[in-house]
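This is what each chain is made of:
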Amino acid sequence: MTAKPKLYYVQGRGKMESIRWLLAVAGVEFEEQFIQTKEDLEKLRSDGFLLFQQVPMVEIDGMKMVQSRAILNYIAAKYNLHGKDLKEKALIDMYVEGTTDLMGMIMLLPFQPIEDKQKQLALIIERATTRYFPVYEKVLKDHGQDFLVGNHLSFADVQLIEAILMVEELKSDSLSKFPLLQAFKARISNTPNIKKFLQPGSQRKAPPDDKYVAQVKKIFSF
Ligand code: GSN
């Protein structure tokens, strides 16, 4: 039996959450080792675990993988979530980069100075509803399938559902003008592995709170 992948990161979403999503969707069980202090991070570094001295790091198939995109791409390819040919892969990559950009803005929000937060929040909602969601709504309409690319679930769908849920946590009616995305969300959330991941008690992490933000700032010294 091959070992379960082991994820090394802080106990929050950050750059690891999309990796947790993808593994969960692929039906792969994984273990997590949480970095709780600066010393925990230093130990991983001094043990030579971190190629660029950074996390996320995932031990998988005998590799100590770093760089979140590389990790995601490996998992997507391994579990048949990266399209059937180069053109499908190219589309999936474009859609994934869009949701990554949107989620990156959301990820940084709790770390913004308090005086900038409202402005940044408004910008995120504007970008979600005028730049990103219209694109995915149109893709679903033009493509006419249940999924963004081809006719089965891909990495692009997984990132889109993750991004939709993150935006809705900030503004619950963000999908009101996007009927196909509403249907997509309902449909995808009901697929067995995603349904399970969305249940309380799964390895999905909660949105960042003040305690988490303070801990992350301390661990990474910023
Ligand atoms: O996507 C990636 O995995 C890398 N391109 C960036 C990883 C990264 O920035 N990791 C941070 C913590 S998670 N935050 O975003 C990190 O390890 N920072 C410490 C450092 O010395 O850079």
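Residues numbered from 1 in each chain as written. Predicted model: local features only at pLDDT ≥ 70, side-chain atom pairs only at ≥ 80, totals over all residues. Heavy atoms only, no water.

(A) Local environment of the overall build of the protein chain. In terms of regular secondary structure, the protein chain is built from nine helices and four strands. Overall, the protein chain shows an N-to-C arrangement of helices and strands of β-α-β-α-β-β-α-α-α-α-α-α-α. In terms of overall size, the protein chain behaves like a compact globule, its C-alpha atoms giving a radius of gyration of 18 Å where 222 residues would be expected to give roughly 17 Å. Reported as C-alpha extents along the three principal axes, the dimensions of the protein chain are approximately 50 × 50 × 30 Å. The burial tally for the protein chain puts 43% of its 222 residues in the buried class. Across the protein chain, contacts joining residues at least 24 apart in sequence account for 65% of those joining residues at least 6 apart. (Helix = DSSP H or I, 4+ residues; strand = E, 2+ residues; numbered from the N terminus. Rg over C-alpha atoms; globule rule 2.2 N^0.38 Å. Buried < 20%, exposed > 50% of the residue type's maximum accessible area, 1.4 Å probe, protein only. Contact = heavy atoms within 4.5 Å.)

(B) Representation of the packing of aromatic side chains. Evaluation of the coordinates by the stated rule reveals five aromatic pairs. Summarising the aromatic geometry, the rings of Y95 and Y136 are spaced 6.2 Å apart at their centres and angled 80 degrees between planes, so their arrangement reads as edge-to-face. Of this pair, Y95 sits in helix 4 (residues 86-108) while Y136 sits in helix 5 (residues 117-143), and the two are 41 residues apart along the sequence. Across this residue pair, the class does not change: Y95 and Y136 are buried. (Phe/Tyr/Trp six-rings, centres within 6.5 Å; stacked < 30°, edge-to-face > 60°.)

(C) Here's a closer look at the sheet that holds strand 1 (residues 6-9). What the four strands build is an open sheet, ordered 2-1-3-4; its pairing is mixed. Of all strands in the sheet, those bounded by a partner on one side alone are strand 2 (31-34) and strand 4 (63-66). Pairwise comparison of adjacent strand axes, ignoring direction, gives a mean angle of 20 degrees for this sheet. Sheet topology places strand 1 next to strand 3 (residues 57-60); three bridges connect them, and they run antiparallel. Paired with L7 across the strands is V58, a residue of strand 3. Contacting strand 1, strand 2 and strand 3, helix 1 (residues 17-25) crosses the sheet at an angle of about 165 degrees to strand 1. Here helix 3 (residues 68-78) sits on the sheet in contact with strand 3 and strand 4, set at roughly 125 degrees to strand 4. (Pairing = 2+ DSSP bridges. Axes fitted to C-alpha atoms, helices over the stretch in contact; angles between N-to-C directions.)

(D) Focus on the packing of helix 4 against helix 6 (residues 155-170). Between helix 4 and helix 6, whose axes approach to 9 Å, the crossing angle comes to 25 degrees. Classified by the angle their axes make, helix 4 and helix 6 are roughly parallel. Of the two elements, helix 4 crosses helix 6, and the hand of that crossing is left-handed. Side by side, helix 4 and helix 6 meet where I92, Y95, V96, T99, T100, L102, M103 and I106 of the first sit next to F155, A156, Q159, L160, E162, A163, M166, V167 and L170 of the second. (Parallel < 35°, antiparallel > 145°, perpendicular 65-115°, else oblique. Left-handed = near helix turned anticlockwise from the far one by under 90°.)

(E) Representation of the pattern of salt bridges within the structure. If you walk through the whole model with that rule in mind, you get 18 salt bridges. Between K43 and D47 there is a salt bridge, and its shortest N-O distance comes to 2.6 Å. Its relative accessible area of 40% is what places D47 among the partly exposed residues. The partner of E59 in a salt bridge is K64, with the nearest N and O atoms 3.2 Å apart. Through salt bridges with shared partners, one network takes in E17, R20, E32 and K205. (Salt bridge = Lys/Arg side-chain N within 4 Å of Asp/Glu carboxyl O.)

(F) Structural detail: unusual backbone geometry. For the bond running from V55 to P56, omega is 5 degrees, close enough to zero to count as cis. Note on placement: P56 falls in the loop between helix 2 (38-46) and strand 3. Positive phi values are uncommon outside glycine, yet Q67 reaches one of about 75 degrees. Considering the arrangement of structural elements, one finds Q67 in the loop between strand 4 and helix 3. Unusually for a residue other than glycine, S221 sits at a positive phi of about 55 degrees. With respect to the helices and strands, the residue S221 is situated in the segment after helix 9 (210-219).

Read these as layout, nothing more, since geometry by itself doesn't imply function.
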